[in-house]
Amino acid sequence: MKTFFSVLKNDYLRVLPRWTTVGIFTLFTLATMLFAVYLTEVQHFNAHIAYIPQGSSMSAPQSSPSLTVNVLEEVPPRSALMQQQYDAYVTPGPGGTYTVETLKNQDFKQLLTLLLKNPNADLSALQPGRGVGVNILGFMMMFALTLAAFNLFVFADDKEQGQLKRISAAPVSFGFYLTAHCVYCLSMMLPEYLLLVVLKLLGWDIGFSLPQYAGLLSILVLFGISLSLLLNTLIKKPDNANMLGNSIIALTSILSGSFYSLKEENTLLDGMVNLLPQKQLLDFATALQSGNTAGHTSSLLYFTTITFVILVSAVVLLHKKYVKQV
């Protein structure tokens, strides 16, 4: 344990010269969390449609805060939909029905049809969207993973400067050495967790309970640590490992729908995206917020298994490269 506390103390001292970079990462993460809370409060269904009567005796639907109606004599070109000038073209049909032409998904079409029949309909229970907890986790995901990877510079510097060979040769526990780095990286997420505590105390809806956030953030950061540890083990230069890690984190987080729930309805793309660990974690978080975790434990198991495999692979390679050579 002496090794653990010595390394942990040294990590905090080594981050002091880099406090500006860490502070910027932290501020960005805090800002995205606040934006996620705000966005969830104000998001609602909103459609701008072109209504073409075509001689029908049906009266045009009324505009409302959720629906803006423009009555036109002719159907606009399809390019207007592609340029997002309108969300849909609506023409009346027989028996009070409507024909809706839109480039958006089926969920949007169903909600729009309901709103056309009743402009004052309550769509809150039907509107697709993510809760505040999933939004917070998703918006902070990329920044939290990037911050975790950056904070592992303590290990990367030890490896590049030859300190790791001396540490492995010294009469200290290599396991406690790595554990101290992991605890240090986890502790650097304390400002984000404290923001959640403050929001909770102020009465804001943050989606999950504080213990649930502690668990979700811990496994998320552990995934970032594992990935960064493996890349720094395989790649000689820390800068190259960090650049590759950040690229992987940014690309996979965006594809996973961290900022926006992607619904491309493409079987091949959906299958590839579902293989991403971040997507599985977001799926579990969505189920957790809706109280339906029983059917989504496999998503959490998938994420933790991938994290465990990456971490074990990095540790095994390190032992093979350093510890067993001594």
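You'll find the structure just up there.
J.: Quick question: what am I supposed to make of the packing of aromatic side chains here?
T.: Ring pairs (aromatic) are described by centroid distance and by the angle formed between their planes. Inspection of the entire model under this criterion finds 12 aromatic pairs. Centroid distance F4 to F5: 5.2 Å. Interplanar angle 80°. Geometry classified as edge-to-face. In this structure F4 comes out as buried when scored by relative accessible area, which is 11%. Ring geometry for F35 against F139: centres 5.7 Å apart, planes inclined by 40°, an arrangement best described as tilted. Of this pair, F35 sits in helix α2 (residues 19–42) while F139 sits in helix α5 (residues 132–151), and the two are 104 residues apart along the sequence. Looking at F35, the relative accessible area reads 43%, which means it is partly exposed. F139 gets classed as buried once you look at its relative accessible area, which sits at 6%. Among the aromatic residues, those joined into a ring-pair cluster are F28, F35, F139, F143 and F259.

J.: Help me understand the pattern of salt bridges, please; the structure alone is not making it clear to me.
T.: A side chain of one charge can pair with a side chain of the opposite charge if their charged atoms are brought near each other. On inspection of all chains with the given rule, the structure shows six salt bridges. In this structure, D157 and R18 form a salt bridge, with 2.9 Å as the shortest nitrogen-oxygen distance. Pair noted here: D157 is in helix α6 (residues 153–160) and R18 is in the loop between α1 (2–15) and α2, with a separation of 139 residues, a long-range link. According to the relative accessible area criterion, D157 is buried, its value standing at 14%.

J.: Where do I start with helix α9 (residues 190–201) in this structure?
T.: Between its first and last C-alpha atoms α9 spans 16 Å; for 12 residues at 1.5 Å apiece the expected length is 16 Å, and the two agree. Among the residues of α9, those classed as buried are E192, L195, L196 and L199. Here the buried residues of α9 occupy an arc of 100° about the axis, which is enough to place them on one side. Backbone geometry just after α9 places G203 at a positive phi near 90°.

J.: What am I meant to see in the packing of helix α10 (residues 210–234) against helix α11 (residues 238–255) here?
T.: Running from N to C, α10 and α11 point in directions that differ by 140°, and their axes come no closer than 9 Å. Judged on the interaxial angle alone, α11 and α10 are oblique. Seen along the crossing, α10 lies across α11 with a hand that is right-handed. Mapping the contact onto sequence places L227, L231 and N232 in α10 and P238, A241, L244, G245, I248 and I249 in α11. Looking at side-chain class alone, the contact of α10 with α11 contains seven nonpolar, two polar and no charged residues.

J.: For this particular structure, what's the right way to read the nonpolar core?
T.: Inside soluble globular proteins, nonpolar side chains tend to come together where they are buried. In this structure, I136, L137, F155, Y177, Y184, L220 and L318 are the most contacted members of the largest nonpolar core, which totals 67 residues. Looking at which element gives the most residues to this core, the answer is α5, with 15 residues. Formed by 13 residues, the second largest nonpolar core is a distinct cluster that contains A88, V100, L115 and L116.

J.: Before we go on, may I ask you to explain the side chain of T146 in this structure?
T.: Tracing the sequence through the fold places T146 in helix α5. Since its relative accessible area comes to 11%, T146 is described here as buried. Apart from residues no more than four positions distant in its own chain, T146 is found in contact with F25, N246 and I249.

J.: Can you walk me through the state of the cysteines in this structure?
T.: Note on terminology: disulfide describes a covalent bond linking the sulfur atoms of two cysteines. In the structure shown here, the tally under the stated rule is zero disulfides. With no disulfide partner, C182 has as its closest neighbouring cysteine sulfur the one in C185, 6.7 Å distant. What makes C182 buried here is its relative accessible area of 16%.

Conventions we followed
Residues numbered from 1 in each chain as written. Predicted model: local features only at pLDDT ≥ 70, side-chain atom pairs only at ≥ 80, totals over all residues. Heavy atoms only, no water. Phe/Tyr/Trp six-rings, centres within 6.5 Å; stacked < 30°, edge-to-face > 60°. Buried < 20%, exposed > 50% of the residue type's maximum accessible area, 1.4 Å probe, protein only. Helix = DSSP H or I, 4+ residues; strand = E, 2+ residues; numbered from the N terminus. Salt bridge = Lys/Arg side-chain N within 4 Å of Asp/Glu carboxyl O. Expected span 1.5 Å × (residues − 1). Arc of directions from axis to C-beta. Axes fitted to C-alpha atoms, helices over the stretch in contact; angles between N-to-C directions. Parallel < 35°, antiparallel > 145°, perpendicular 65-115°, else oblique. Left-handed = near helix turned anticlockwise from the far one by under 90°. Contact = heavy atoms within 4.5 Å. Nonpolar A, V, L, I, M, F, W, Y, C, P; charged D, E, K, R; others polar. Core = buried A, V, L, I, M, F, W, Y, C linked by side-chain atoms within 4.5 Å. Disulfide = S-S within 2.5 Å.

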